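Summary of structural features
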Amino acid sequence: MINELYELSKALEHHRLLQSTTNPNISNIGKDDCLIFELDNDGVPQDVRIMAKADTAALWKHSKGNHNSFPAIRVQKPLMAISECEKINADEWSRAKLNRKIDMLLKPDYTAVNADCNGIKISGWSINELSPVLTSEAPELAALKQILLSFPRTESQQRSFILNILEFLHDYIETCNQETHINLIKKLLIGDKDKKSGKYSSGCMTYYDVYDIDEFKNTVASSETQRALTELLNSCENSNLSDKSSCIISPLSGAVTDGIGDKYPNPNMPVLGLTYLYSKKSDISCLNRYGMTGAQAFQAGKSEINAVNDAISFLTSESRQNKTWCTMIDPNRDKPNLLLAYLADDPQNDAYLAEVLGSFADSEETEKHFENLCKQVLGSIDDVLGKNKQTKINLILLEALDTGRKQVVYESAITAEQLQENLLLWNDASYNCPPVEIRVRNKKECISFKPICPGPGDICKLMKIHYTHSGEFKSIKQSRVTLHEIYQIYMPPHPTEKSQSELARHMLETVLENSRDFLGDIGNQIALEYSLPPGSSSQNRVKQAMSFVSLISILLYILGIRKEDYMLDTAFNVGQFLKLADILHKEYCIQVRNGGDKHKPLPAQLMGNEMLNIACKNPVEALNRLSERMRIYVAWATKAAQLDIPPNHPKWILHVFEEISLKIATNEIPEHFDSAQQAQVLLGYLSEIQYENKYDTNKSDTEEETTNE
């Protein structure tokens, strides 16, 4: 991955987009409730505010790993002496209400400082590393300079500073009326007692900023300060003369340059979190034999790795979401992955490449979303296509192994010209669906859903669903198709007709195995109830069903099977025959068994649906068995049609049976259907059979009563 991102960094540099947005020693603090103290010019606390852990990730810090952190400091020991900490009973505190907690917290002596609390000061390392700030005239760094000048450096200064904090907090507690604030202040002052060791610990995150904000252009915590400090520290590093002993031959560029040293940057990526660009187990003996421990085992150029880090920052910035990065489902686990996608010759392009290469079926505007997305992407890269159709679009999928280590699970490169061809093909294929429509009741009306075009992430999600006949969904960890197979069918870099057909047929078999029972039950429910019951659960089921319908139709298209042809073929019309059998069965039950009462219960499974799975594999057997069962219903329909009593559904049903039977009889029915024919049976069963009003002389019937009945 580093090689690809190094090439990206060179492209960004060429386009003057590579900025010093990262420094290995500057990062964001973790998610934790934080006390932010505002100090005057003498370093005396004047105000305190609480930042909830949901927002603290926006705060930056300068540190060496987990040590020497500033201006964020995690106070490990309570500020108060242990004798004062013992005055507050933990059990009583947990039961107390706000007023009682305030009384308890005011009981200790606020002049008694914990001698073991020694972390609220600037370390020698921090003073040395941040020394360029003290000589900088940049207005964006003025607030940070003020904090550096007034913050304690020695033990005596630290004690005086803590006493000032204690005095300030004592006054603040008396007027505080928020329990969350009181609890966090108690954590800083008293901490918690470990039951085993009997020792008190705090672990409270604190942050230090300026109080008189009108004197400064921005606060210490602001992104402007972080950006200015990053640029300053990077420029100082680049201006220093190289020590020949630290020079290496870079494996990325082949140039002689400063090595990265003992620490690679750890970018904080969306979805994945903190990420080591390089990590090595310390116990690999074949490397330890040569003294290659840690980062020494792979020394790349310092400036090059920092550029890679900056490239990651550019790709994964919040403003680039869905353009160069997005969340992607993991095919083998429940946790999400990070998808990176960018145009090599135009990295700043605003095309929604990540979205079009990831997931898009979950959009609220599902029906035309993919078509509109294609127009946006192809329109945005039109200029690039005009200059160089062979320019590359790089795709990288990353997963988290643990908190720090990430790995590439899939990567690919495709030309912009091939991307264009693939998108247009997929868009055309998405219209290869017959007229399938599923409705969900919503108060007094129905919401209609039509086939939803799926993307790679959506296909992966569909293939992680396990459906049982009880109507339950179970999400399985591992997708039934691999990412390689999904992208090979969706975005092949070098497609051939033979390879695509073989893969499409294999994937179609898997999709049918995964969806047949589910789609069959949906079809049966629609035949019985016209629409699904209201609620988000029904809508989710329908969206999944419509994505399956669209995927099956797309795979048929790739196999060269078009709806204009297959809707006239035997397999599709066998499915239509089964659907019509359901309509006949339902009509008979309403009129004969239930005496015309549409509100009385119907059979749980209609006869066409009962034969669906058999018909998909053995159509002759299914039709023979169905013909035996249909005799009584056809006899009733024939008699009812002769009476010509409106609404004359039986007359219409018999007419459509005749039409469909003629289409089936046109060709010889094979003993077994292959996977493509099975897919057509399923689509035929789900497709609408439009009721013809010429058979209905009762104009008062609603559409709900006539469309499918």
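The notes below deal with the structure included here.

The pairing of strands in a sheet comes from backbone hydrogen bonds and takes either a parallel or an antiparallel form. Taking strand neighbours across the sheet as the criterion, the four strands line up as S3-S2-S9-S6 in an open arrangement whose pairing is mixed. Among the strands making up the open sheet, the edge pair consists of strand S3 (45-51) and strand S6 (72-75). Each adjacent strand pair in this sheet contributes to an overall mean axis angle of 30 degrees, direction not counted. Examined bridge by bridge, strand S2 (residues 34-39) and S3 share six bridges and lie antiparallel to one another. Bridge pairing in S3 links Cys-34 to Met-51. Helix H8 (residues 155-175) contacts S2, S3 and strand S9 (204-210) of the sheet and is inclined by roughly 70 degrees relative to S3. In the packing of helix H9 (residues 179-189) onto the sheet, the strands contacted are S2, S3, S6 and S9, and the crossing angle to S2 comes to about 80 degrees.

Another aspect to go through is the pattern of salt bridges. One pass over the full model with this rule turns up 18 salt bridges. Of the charged contacts in the structure, one is a salt bridge between Arg-100 and Glu-92, with a shortest N-O distance of 2.6 Å. The exposure class assigned to Glu-92 is partly exposed, which follows from its relative accessible area of 29%. Taken together, the shared-partner salt bridges connect Arg-320, Lys-323 and Asp-350 into one network.

What follows covers the environment of Leu-584. Position of Leu-584 among the secondary structure elements: in helix H22 (residues 570-593). Judged by its relative accessible area of 0%, Leu-584 falls in the buried class. Remark: the alpha-carbon pair of Leu-584 and Tyr-633, spanning 49 residues in sequence, is separated by 7.0 Å. The contact partners of Leu-584, leaving out residues within four places of it in the chain, are Met-607, Met-630, Tyr-633, Val-634, Trp-636, Ala-637, Ile-653 and Phe-657.

Within the secondary structure, Glu-437 is located in the loop between helix H16 (416-429) and strand S18 (438-442). Residue Glu-437 is classed as partly exposed on the basis of its relative accessible area of 24%. Through-space distance from the C-alpha of Glu-437 to that of Glu-688 is 7.0 Å; in sequence the pair is 251 residues apart. Excluding residues that lie within four positions of it along the chain, Glu-437 makes contacts with Ser-448, Phe-449, Lys-450, Met-546 and Glu-688.

Taken N-terminus to C-terminus, the directions of helix H18 (residues 483-490) and helix H19 (residues 497-529) make an angle of 125 degrees; their axes are 10 Å apart at the nearest point. One finds that H18 runs oblique with respect to H19. The handedness of the crossing between H18 and H19 comes out as left-handed. Between H18 and H19, the contacting residues are Glu-485, Ile-486, Gln-488 and Ile-489 on the first element and Gln-500, Leu-503, Ala-504, His-506 and Met-507 on the second. Its residues assigned to classes, the contact of H18 with H19 comprises five nonpolar, three polar and one charged.

For the rest of this paragraph, the subject is the sheet that holds strand S16 (residues 392-400). The strand order S14-S15-S16-S17 describes an open sheet built from four strands, whose pairing is antiparallel. Strands with a single pairing partner mark the edges of an open sheet, and in this sheet they are strand S14 (325-328) and strand S17 (406-415). Ignoring which end each strand starts from, the neighbouring axes of this sheet average 20 degrees apart. As paired strands, S16 and S17 are joined by nine bridges and run antiparallel to one another. Bridging from a neighbouring strand, Ile-396 pairs with Glu-411 of S17.

What counts and what doesn't
Residues numbered from 1 in each chain as written. Predicted model: local features only at pLDDT ≥ 70, side-chain atom pairs only at ≥ 80, totals over all residues. Heavy atoms only, no water. Pairing = 2+ DSSP bridges. Helix = DSSP H or I, 4+ residues; strand = E, 2+ residues; numbered from the N terminus. Axes fitted to C-alpha atoms, helices over the stretch in contact; angles between N-to-C directions. Contact = heavy atoms within 4.5 Å. Salt bridge = Lys/Arg side-chain N within 4 Å of Asp/Glu carboxyl O. Buried < 20%, exposed > 50% of the residue type's maximum accessible area, 1.4 Å probe, protein only. Parallel < 35°, antiparallel > 145°, perpendicular 65-115°, else oblique. Left-handed = near helix turned anticlockwise from the far one by under 90°. Nonpolar A, V, L, I, M, F, W, Y, C, P; charged D, E, K, R; others polar.

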